[in-house]
Protein chains: 2
Amino acid sequence: MGQLKIRNMEEFASISGISRPTVSKYFNDPASVRSSTRAKIEAALEKHDYQPNVFAMNQNRRTTKNIGVVVPNLADPFFSEIGRRVELACIEAGYSPILLSSHGRAEMERDNLNSLRSLKPAGVLLAPFGRMSDCEAIRAFDSDFPLVLFDANIKNVGQAFVGTDNFQSVDLMVEYLCRSGEAPCFFEMKSPPNPNANKRREAYIESMERHGHVPMIFQGEGEGWKFEEIGNTEGGRLLAANAFTTRTILCSNDRLAIGMLSAAYGLGLRVGHGVDCDLRIAGHDDHPFSRFTCPPLTTIAQDYEAIANRAVNDLFGMLETKAPATVRTETTFEGRLVMRESA
Amino acid sequence: MGQLKIRNMEEFASISGISRPTVSKYFNDPASVRSSTRAKIEAALEKHDYQPNVFAMNQNRRTTKNIGVVVPNLADPFFSEIGRRVELACIEAGYSPILLSSHGRAEMERDNLNSLRSLKPAGVLLAPFGRMSDCEAIRAFDSDFPLVLFDANIKNVGQAFVGTDNFQSVDLMVEYLCRSGEAPCFFEMKSPPNPNANKRREAYIESMERHGHVPMIFQGEGEGWKFEEIGNTEGGRLLAANAFTTRTILCSNDRLAIGMLSAAYGLGLRVGHGVDCDLRIAGHDDHPFSRFTCPPLTTIAQDYEAIANRAVNDLFGMLETKAPATVRTETTFEGRLVMRESA
DNA sequence: TAAATTTCTTTACGCGCGATAAATTATAAT
DNA sequence: ATTATAATTTATCGCGCGTAAAGAAATTTA
């Protein structure tokens, strides 16, 4: 690397034998300069490892290379997984992702968006809380920055939405459960903090009716994001009271199912699809630990990779075409049935 | 809020009736201006919601308010949990945390540190990979920025280290297991990616010998961070082969234990401390899901909150005193035995 | 080879703020 | 009221880079 410290672009330009404005142009877009000068710059770059001052760049550029990525809760493996992929896709595309978690609190989502404002992001990928969100704040943000929603949709907010088709995925599970045994009860939280819960309930009802069954919905008390605990205590209570009307239970998400599996184990109930089993439990999301529950959890796998990539592509598409206000798109990917032993 | 848009500090200063340098001083440290002028500024602030340009501030300030927080893998609940607390503690103290995950790859740890360089952070909190890390890079970073290590220690790197006392915690578990039954075997990965694994093995050996037992160590093949899978396949293989020399197994961490619990379930082995049980399994870390395994996992709880707070305090302490090179401190917190049903 | 085109250099200015010195004013202490 | 001290104003510079305009140089086209 370099012997002398390079303080600024001026110095680097003179060292590389190119004028500063041209060097500036290079860093903005290497393809915008002649290949011979590009070669000179890159030769100098190898010898002297200089990189432009980020703050000065961002202050003066019309638009930064910052991409905000906001998720409701990084402690939830679903979001840490999808956040990870989004982050990497942004880096790949030459942008600087800024990953922010709202730690399960809607007011922090608002704060995060406000923090992002001052970073003048080129665009933002947001997995909103949904109706818990400060929708006004999000809408305002939408009108100021390119915004793409993922995981949870808000009507007419953002230039695009990318997520999983809950109606398809839940129907897939209901169909499988019905075909392989009893029709499933549905277990969820009474006031769920996560946005897809309502969609899944509706999808369950619709699917059950289509299959000629009466929907059977059971709700657990409890607030916040402690799904496992609620699945354990509330689900366990219902199990112990023999409240479920069939011996097959579809949980609104895997974390509830994990809690309920634990409760079933404690009650000495044998979960699985075998003839010697007492009940079947299924989930939704293919949580990273669902493969290792006892028994392993039958669930719906969301296509993390596809969702992340599509969301990023949708955003970058509008960034590059600079399309001001084209049509808002909604893309949903199908869930995949993952058959394991619990149902 | 404001009617007219405020473009810069100059405008805001004139609106609030205070000179720009004083306003600048205020934003640097509100306590540094007289209370009467502070009141004027804050009055204007309420009416016109202005905030200084972050990029201009960071470009010109000697030191920014940025704090880098680098963890090996946000997908691991341990790090997402401790990262979360560190993040919040930084915000509380008026700094801007920048949370970066190295996604399980040591070379990305290096990249993350390099990215941070250009953000001129006031300080950095790093949970390093340990010997997998590019120690040279970390050392170089250490000499350029205030650095505090947490979770995993590297000799003489960083101004401070904060973590859990593995010797105490493992000893606590070994003692409990010995007193309540057989002495434990130790299960770990042959080449573990996480840095505390070696410490825990050594601690196990030391503790076993102190208790008059011969250490019995079993190692599973496998690379990377798929602990559950390795615990499941490799641990399951050892269980099936009846390879463990006692019926009590202490796993190097909870995620391995979770995998092994799943394997034991599949093998029809009854895990627990009851007289009717086939074996006992214990872990380490009090992973968020350990309460919901089947059976619930007996483990060691690390004091996340204390570690996070202490690490942040250590860093901010040296930031404020501007102590150049005082004594390097190492702080370890004790682990707490969490007795559940698995052992 | 000359003309047309692209790319580069030079020059100059602006971005929004931090920092500082000197002059001024407000507050506290005597 | 007088002095000492602290805080503020005024003025001016610097940070590192983006951007624009005009002319020079290199490249392509005719």
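Residues numbered from 1 in each chain as written. Chains lettered and ligands numbered in written order. Predicted model: local features only at pLDDT ≥ 70, side-chain atom pairs only at ≥ 80, totals over all residues.

## Section: the nonpolar core
What counts is decided by this rule: A set of buried residues qualifies as a nonpolar core if it consists of Ala, Val, Leu, Ile, Met, Phe, Trp, Tyr and Cys joined through C-beta atoms within 7 Å. Here the C-beta atoms are placed from the backbone, and a residue counts as buried if at least 20 other C-beta atoms lie within 10 Å of its own, exposed if 12 or fewer do, and partly exposed otherwise. Contact between residues is assigned whenever the C-beta positions, reconstructed from backbone atoms, fall within 7 Å.
By size, the foremost hydrophobic cluster in this structure holds 78 residues, and its most contacted members are Leu 125 and Ala 311 of chain A together with Leu 125 and Ala 311 of chain B. Contact partners of Ala 311 of chain B, with chain neighbours within four places excluded, come to Val 86, Leu 125, Val 148, Phe 150 and Val 162 of chain B. Membership of the second largest hydrophobic core comes to 72 residues, among which are Phe 187, Phe 227, Met 260 and Phe 289 of chain A.

## A few points about the relation of the copies chain B and chain A
Counted only if it meets this: Superposition of the copies used a least-squares fit over C-alpha atoms from residues whose pLDDT is at least 70 in both.
The transform that puts chain B on chain A rotates by 180° and translates by 0.1 Å along the axis, for an RMSD of 0.2 Å. Such a turn and shift between the copies fits a two-fold axis. It is Phe 55 of chain B whose C-alpha, among those of chain B, lies nearest the rotation axis, at 2.3 Å.

## Some details on the protein's contact with DNA strand D
Test applied: What makes a residue near a molecule or strand is its C-beta atom, placed from the backbone, lying within 6 Å of it. Throughout, the ten residues Ala, Val, Leu, Ile, Met, Phe, Trp, Tyr, Cys and Pro are labelled nonpolar, Asp, Glu, Lys and Arg are labelled charged, and all others, Gly among them, are labelled polar.
Taken together, 25 residues surround DNA strand D, and among them Asn 8, Met 9, Ser 24 and Asn 60 of chain A together with Ser 19 of chain B come closest. Its residues assigned to classes, the surface near DNA strand D shows nine nonpolar, 12 polar and four charged.

## Overview of the interface of chain B and chain A
For clarity, the threshold we go by: In this description a helix means any DSSP run of H or I spanning at least four residues, a strand means any run of E spanning at least two, and both kinds are numbered starting from the N terminus.
At the interface, 31 residues of chain B touch 31 residues of chain A. Contributing elements (two or more residues each) for the side of chain B that touches chain A: helix H4 (54–60), helix H5 (77–92), strand E2 (96–101), helix H10 (227–240) and helix H11 (254–266) of chain B. Of the residues contributing to the side of chain B that touches chain A, the split by class is 16 nonpolar, 12 polar and three charged.

## Description of H11 of chain B
Residues and elements named next belong to chain B. Threshold: Take the number of residues in a helix, subtract one, and multiply by 1.5 Å to get its expected span.
With 13 residues, H11 extends 18 Å between its outermost C-alpha atoms, agreeing within 8% with the 18 Å of an ideal straight helix rising 1.5 Å per residue. All buried positions along H11 are accounted for by Asp 254, Arg 255, Leu 256, Ala 257, Ile 258, Gly 259, Met 260, Leu 261, Ser 262, Ala 263, Ala 264 and Tyr 265. Taken together, the buried residues of H11 touch strand E6 (185–189), H10, strand E8 (248–251), strand E9 (280–282) and strand E10 (299–301). Downstream of H11 by one or two residues, Gly 268 has phi in the positive range, about 75°.

## Regarding the pairing of strand E3 (residues 123–126) of chain A
Residue and element names in this part refer to chain A. Let me state the cut-off plainly: The criterion for strand pairing is that DSSP finds at least two bridges linking the strands in question.
Burial along E3 is two-sided: the face carrying Gly 123 and Leu 125 and the face carrying Val 124 and Leu 126 are both buried. Examined bridge by bridge, strand E1 (residues 66–71) and E3 share four bridges and lie parallel to one another. Within E3, the residue paired with Gly 68 across the bridge is Val 124. Pairing analysis gives three bridges linking E3 to strand E4 (residues 147–150), with the strands arranged parallel.

## Side note on the environment of Gly 236 of chain B
Residues and elements named next belong to chain B. Secondary-structure assignment places Gly 236 in helix H10. Judged by local crowding, Gly 236 falls into the buried class, with 21 C-beta atoms found within 10 Å. Separated by 39 residues in sequence, Gly 236 and Val 275 place their C-alpha atoms 22 Å apart. Dropping the residues within four chain positions of it, Gly 236 is found in contact with Ala 263, Gly 266 and Leu 267.

## Notes on the packing of helix H8 (residues 166–179) of chain B against helix H9 (residues 196–210) of chain B
Residues and elements named next belong to chain B. To keep it simple, the criterion reads: Axis angles are defined between N-to-C directions and span 0 to 180 degrees, where every axis is a line fitted to C-alpha atoms and, for a helix, only to the segment in contact. Under this scheme an angle from 65 to 115 degrees is roughly perpendicular, one under 35 degrees roughly parallel, and one over 145 degrees roughly antiparallel; angles in between are oblique. Whether a crossing is left-handed or right-handed is set by the direction in which the near helix is turned from the far one by less than a right angle, anticlockwise for left-handed and clockwise for right-handed.
Axis separation between H8 and H9 bottoms out at 8 Å; the angle between their running directions is 50°. By the angle between their axes, H8 is oblique relative to H9. Remark: the crossing between H8 and H9 carries right-handed chirality. Each of Asn 166, Phe 167, Val 170, Asp 171 and Val 174 in H8 lies in contact with H9, whose residues at this interface are Asn 196, Lys 199, Arg 200, Ala 203, Tyr 204, Glu 206, Ser 207 and Met 208. The class makeup of the residues in the contact of H8 with H9 is six nonpolar, three polar and four charged.

## Some details on the domain arrangement of chain A
Just so we agree on the cut-off: Here the bounds of each domain stem from an automatic or database domain assignment.
Split into domains, chain A comes out as domain 1 (9–52), domain 2 (66–164 + 305–333) and domain 3 (166–301). Between the C-alpha centres of domain 1 of chain A and domain 2 of chain A the distance comes to 34 Å.

## Thoughts on the sheet that holds strand E6 (residues 185–189) of chain A
Residues and elements named next belong to chain A. Taken in spatial order, the four strands of this open sheet run E7-E6-E8-E9, and their pairing is parallel. Strands with a single pairing partner mark the edges of an open sheet, and in this sheet they are strand E7 (217–220) and strand E9 (280–282). Ignoring which end each strand starts from, the neighbouring axes of this sheet average 25° apart. Direction of pairing for E6 relative to strand E8 (residues 248–251): parallel, over a ladder of three bridges. Across the sheet, Phe 186 pairs through a bridge with Leu 250, a residue of E8. Those strands touched by helix H9 (residues 196–210) are E6, E7 and E8, and its axis lies near 165° from that of E6.

## What to know about the protein's contact with DNA strand C
Neighbouring residues of DNA strand C: 25 residues in total, closest Arg 34 of chain A together with Asn 8, Met 9, Ser 24 and Asn 60 of chain B. Of the residues assigned to the surface near DNA strand C, the class counts are nine nonpolar, 12 polar and four charged.

## Things to note about unusual backbone geometry
Note the cis peptide between Cys 294 of chain A and Pro 295 of chain A, where omega equals -5°. Examined against the element boundaries, Pro 295 of chain A turns out to sit in the loop between E9 and strand E10 (299–301). Even without glycine at this site, Lys 120 of chain A takes up a positive phi of about 40°. One can find Lys 120 of chain A in the loop between helix H6 (106–118) and E3. For Lys 120 of chain A, a count of 18 C-beta atoms within 10 Å puts it in the partly exposed group. Backbone geometry at Asp 286 of chain B places phi at a positive 50°, although glycine is not the residue there. Secondary-structure assignment places Asp 286 of chain B in the loop between E9 and E10. For Asp 286 of chain B, a count of 24 C-beta atoms within 10 Å translates into the label buried.

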